[in-house]
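Read off the chains here:
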There are 2 protein chains.
Amino acid sequence: MTFFKIRFLPEEKTIAVEQGTTLAEAARQAGIFINNSCGGEGLCGSCRMRVLKGKTQTSALDNVFFSDQELKNGFCLACQTPAEDNLEVEITSASGNTEAQIVMAEGTLGSNQAGLVANTQPGPAAYYPFKPLARKIAIQPSPPTLKDNLPDLERIFRELRHELGWHSYDISLPALQGLALKVREPEWRLTALLVKNKDQYRIQQIEPANRIQGNYGIALDIGTTTVVAQLVDLVTGRVLGVEGVLNLQTQYGEDVIARIVYAGEKGGLDLLQQSMITNINQLIQTLTASCRINREEIHIIVAAGNTTMSHLLLGINPKFIRLEPYTPCANIYPQISAKDLGIQINTQGILELIPNVASYVGGDIVAGALACGLPDHTEVQGLIDIGTNGEIAIGNKEWLVCCSASAGPAFEGGGTRCGMRAVKGAIESLVIQNGQVAYKTIGNAKPRGLCGSGLIDCIYELKKNNLIGADAKFQRGLRDPRLLVQDQLPRYVLAWPDETEEHKPIYVNEADLANLIKSKGAVFAAIKSLVDYLGLSFNQLEHFYVAGGFGNYLDISKAIAIGLLPDMAREKISFVGNSSLTGARLALTSEMAFERCSTLAKSITHIELSNYQPYMDEYIAALFLPHTDRKLFPSVKY
Amino acid sequence: MTFFKIRFLPEEKTIAVEQGTTLAEAARQAGIFINNSCGGEGLCGSCRMRVLKGKTQTSALDNVFFSDQELKNGFCLACQTPAEDNLEVEITSASGNTEAQIVMAEGTLGSNQAGLVANTQPGPAAYYPFKPLARKIAIQPSPPTLKDNLPDLERIFRELRHELGWHSYDISLPALQGLALKVREPEWRLTALLVKNKDQYRIQQIEPANRIQGNYGIALDIGTTTVVAQLVDLVTGRVLGVEGVLNLQTQYGEDVIARIVYAGEKGGLDLLQQSMITNINQLIQTLTASCRINREEIHIIVAAGNTTMSHLLLGINPKFIRLEPYTPCANIYPQISAKDLGIQINTQGILELIPNVASYVGGDIVAGALACGLPDHTEVQGLIDIGTNGEIAIGNKEWLVCCSASAGPAFEGGGTRCGMRAVKGAIESLVIQNGQVAYKTIGNAKPRGLCGSGLIDCIYELKKNNLIGADAKFQRGLRDPRLLVQDQLPRYVLAWPDETEEHKPIYVNEADLANLIKSKGAVFAAIKSLVDYLGLSFNQLEHFYVAGGFGNYLDISKAIAIGLLPDMAREKISFVGNSSLTGARLALTSEMAFERCSTLAKSITHIELSNYQPYMDEYIAALFLPHTDRKLFPSVKY
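Residues numbered from 1 in each chain as written. Chains lettered and ligands numbered in written order. Predicted model: local features only at pLDDT ≥ 70, side-chain atom pairs only at ≥ 80, totals over all residues.

(A) Quick look at the domain arrangement of chain A. The domain architecture assigned to chain A consists of domain 1 (3-92), domain 2 (134-208), domain 3 (216-353), domain 4 (373-409 + 517-632) and domain 5 (410-512). Centre-to-centre separation of domain 1 of chain A and domain 4 of chain A, based on C-alpha positions: 34 Å. (Domains from an automatic or database assignment.)

(B) Spotlight on the environment of Asn247(B). Residues and elements named next belong to chain B. One can find Asn-247 in the loop between β12 (239-246) and α8 (256-263). Spatially, the C-alpha atoms of Asn-247 and Ala-393 are 25 Å apart, while their sequence positions differ by 146 residues. With residues up to four places along the chain from it excluded, the contact list for Asn-247 reads Gly-223, Thr-224, Thr-225, Thr-226, Val-227 and Asn-279. (Helix = DSSP H or I, 4+ residues; strand = E, 2+ residues; numbered from the N terminus. Contact = placed C-beta atoms within 7 Å.)

(C) Highlighting the confidence of the model for chain A. Residues and elements named next belong to chain A. When pLDDT is averaged along chain A, the result is 88; 91% of the residues meet or exceed 70. Below pLDDT 50 for its whole length, residues 93-123 participates in 92 contacts with residues either more than four positions away or in separate chains. Both scores are available for the predicted complex, with the pTM at 0.80 and the ipTM at 0.78. (pLDDT = per-residue confidence, 0-100.)

(D) Representation of the relation of the copies chain B and chain A. Expressed as a screw transformation, the operator carrying chain B onto chain A has a rotation angle of 180° and an axial translation of 0.1 Å, and the superposed copies differ by an RMSD of 0.2 Å. Interpreted geometrically, this transformation is the action of a two-fold axis. When the interface residues of chain B are mapped onto chain A, 100% of them are again interface residues, pointing to one common binding face. (Least-squares fit on C-alpha atoms with pLDDT ≥ 70 in both.)

(E) Up close: the interface of chain B and chain A. Listed as interface residues are 35 residues of chain B and, on the opposing side, 36 residues of chain A. Only α6 (152-164), β7 (168-171) and α7 (173-182) of chain B provide two or more residues apiece to the side of chain B that touches chain A. Class assignment for the residues of the side of chain B that touches chain A results in 20 nonpolar, eight polar and seven charged. (Nonpolar A, V, L, I, M, F, W, Y, C, P; charged D, E, K, R; others polar.)

(F) Here's a closer look at the sheet that holds strand β13 (residues 298-305) of chain B. The six strands lie next to each other as β12-β11-β10-β13-β15-β14 (chain B), forming an open sheet whose pairing is mixed. Edge positions in the sheet fall to β12 and β14 (336-337) of chain B, since each has one partner strand and no second. (Pairing = 2+ DSSP bridges.)

(G) How the structure looks around the sheet that holds strand β3 (residues 48-53) of chain B. Residues and elements named next belong to chain B. A sheet is described by the order of its strands in space; here five strands give the open sequence β2-β1-β5-β3-β4, paired in mixed fashion. Only two strands of the sheet have a single neighbouring strand rather than two, namely β2 (13-18) and β4 (75-77). Each adjacent strand pair in this sheet contributes to an overall mean axis angle of 35°, direction not counted. By the bridge criterion, three bridges tie β3 to β4 in an arrangement that is antiparallel. The residue bridging Met-49 from the neighbouring strand is Cys-76, located in β4. (Axes fitted to C-alpha atoms, helices over the stretch in contact; angles between N-to-C directions.)

See below:
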């Protein structure tokens, strides 16, 4: 028996496998997650890899998925390529890679799914078969005869039962109206677009002949501050593009409480809903234009958001979310016609919302928990999604408990003078040394402000350089040319006007730092409260996933050092970017994943912190750098 | 034990019952069908009776259902009135009575449900519980607390499960949008409007407090020549009104074949569909105006029609219905949004179509079979629905076989010079004696033409008076002042210009008679063929129901004498009026009846006569009065 060594980059993991083992299987054995949504059938094209060294056989599918240039450069499908040589292979999984490129190239807010799927051990979501909520299926019912003259529609249902099993089938009026002619041209070959609703498949569209192409979906993360959309090819499972915009609702209020209050004013709810619809239509417009897709071919949107955003998107009054006993109007939403909301996709297109858990634990955390695989493992793991609200889930395949705390928009770039979203020109990381500030911006553009990860780095560096104290206030009596006072507030200049895009200085002042301390204090207090509630210690968590719109990456060590994240072994914490979006995409591309979200939302136990005294105590204790109780942060040295 | 005698009018049946037996039960024991849609709870008010002789107790419900004047006149609810005296009671069941009044007073085409339910032994449909497809239910979910803070929607679902059992529940977007405020004013009492679709109940509307009133439905019979609508109060089950109009599609073709051909022309299908929608909207407009109902309170329409009419209503191309192998596009239709069709009821209102059996056996015969109780009895019974198509069903609770034949519009008043629909001014019966014509018109108005029953009487009387021969041609050499020749065709004048509304003579000519003979021949041949196919003789049928738009009544003896109906014992044949409409109303007011239609449509065996040589032979043989084979009509004496 012959073995070959396969070395995977960028993970730098090497594994020996038997001759003929596929590269997908080799990666799995090496503990590397491969996006493989068709189940290894060579259909989805999402397990792209590039062979850097060694020889491989060509596959019949190569020309389907790769250009000649790509084939020359060694690209292949991992699931279709057997090991026949010692190889060095670079993982370039379609989804991860595409997004990363777009985030960098287009300067839009994106997610770091590549991080999510590559870095996490024992990690990510269970395997969900590729079965989009809207999918096309080519069928060939038998033509009617005098002996078997069932109606056209029942012939189609019969064929679908044969292909998909004994489900309940239905048809939309427009599909039914065109049916009789379409099924007969040519000769009883047709393609049905099926949309699942609960236990029933509805035929939304009938096309003559085999037209399996032209079926797209949108995964949507509706955040309080940002709205992000991914365009997904529902035939291949490929992510074609990702775009993010500032939530237009921010003009009516910064956080969910302000939005709920505004929704109670005359016409407020309608304005908030229309803002969100405008956002979504903008995103669709941008994505369809850049990917050259006809938006009539988008048949479904799966959206994940917090409970208030979910309510506002549908135009549901969220008033009682903020009044004791904190009751949302709904946690599980009906399937909605996109047209009824004014969302511009196919006129029969639909919108599904990932269900919520409670008033302050939304579909975003359900989607995130799914994406991070919390309910798939026996080990207890944690997830925190830091947006304008910080939502935390801890659990395993047996149980899942969650809570939320209002973090404010600081980590998404709001609430501070020079904060900005993680788009082109945002300082995403920085180091202060000897009075000099070295920073890196997204897209390597001239700086325009600081995104979440930049702000975390900033506090850390200010503290490390003793410019601020444990109370996050500037030390008195320091002399530093970057340390200025304006409006009676000390500020530290990170970039001078001549360095910046807008010729204005980029700085943080003491009010900004106070905001950031409150945000990080609220987040940490929530994590600590939940862990304590469960009778666990941080180190009993097998892994801790951090999601959020900080930027393209997050310096875990610095986030621990400022007391935002618990002081766990570094390798146990992963930054997974926009896990809500990843979960929404999983649900979009897999019926099973979508159904899992529903059962998950129902089974998660929610702890309400607003009535929980230990949380208030933890919050006060966490308003220091890193914390009033230094024993909680043994590894933090400054 | 004391017994009392109860004598029922107009049936003239007397029965002795124990003291305290309700009049409803007494009627049942006497074999008289009582409309009792609430199941004898005193809720629906449909078992109205009038006590002509004897004393009864008053009931607490009397003032709910009757005016003081009515109470003085002896009106009572049969289900709430115990026998405490010997009584003489007149049956004035709400539905039968209301319709009869409207048919007479308004001069519209109506149906003789009273006949259906009163005359049929062993007879009519099984008892279906009153559970309209759209119904309102007042519920009182518990208000949320910190310990039980389920979302509003799930509280409502929980309460509905408590009230209605473990079904799947859903909610429409508009209902969801208004939910949060409505459930809280006042204090968690609300009324939900539920619409059933397959196995799921959808909340279409939420109203604060207990607002169980204001829920109406339409039962619709979409015939090739006439469209008839009944407005039904879905709270009480009462029929509030009935209206009929000429199918506007008739301008594009007389029968279904002509319509199908026209639908194939450019824009034809759309024109035909819009004609039908216009018809329906007209009917709704008339009914809502006369009953002072807001059409926003109509939440559902249940329509029964032949397969082509069903297709045209939904805008489905019926092309292949007339091409071998005669395949409809669909037999079972999805639930349709009335708004999507342009039907002007509640914006969330829905349309359900009674399923079809085959290309030429429609939902009308399914509804009719249901209304006549064919699938409810062990005895074999028959039903013929004579419209533009004659559809025949024969069977019992074990099996049901049907076929259809093109009868032409003659019996609905089309296809003859002076034919008209059964509306005010139509001659519905006539006698010719000694050269004189005595006729009766609907509404006792001046005559305007002949409806189906008048035409049947007319042929019979012409033959009886030896004015025509067995070939339905006028005898040569007769001298009669009413017998004229115009356009080389002999004609017989039934009413002179000075007698008629329009000052034109009303007559039949030889071409009219030839048409009628073809129609009656086609109908009889179909009945005969089906009975032969089943190896039965006519007298083996326990009962034979005749439905159709002939008029308010049909002279069974004359219909037999002309060879339209088989020569069975008279008491075995009942004219039941518009059984399709009755069945549609049953389905509208009872989920179980609606579901029964679906199973019925699937289980009926269809015999295709167009490829059945015995039918062609029977047709030729039936083109005489009464028939070429006199042995088939032993009781016919002329």
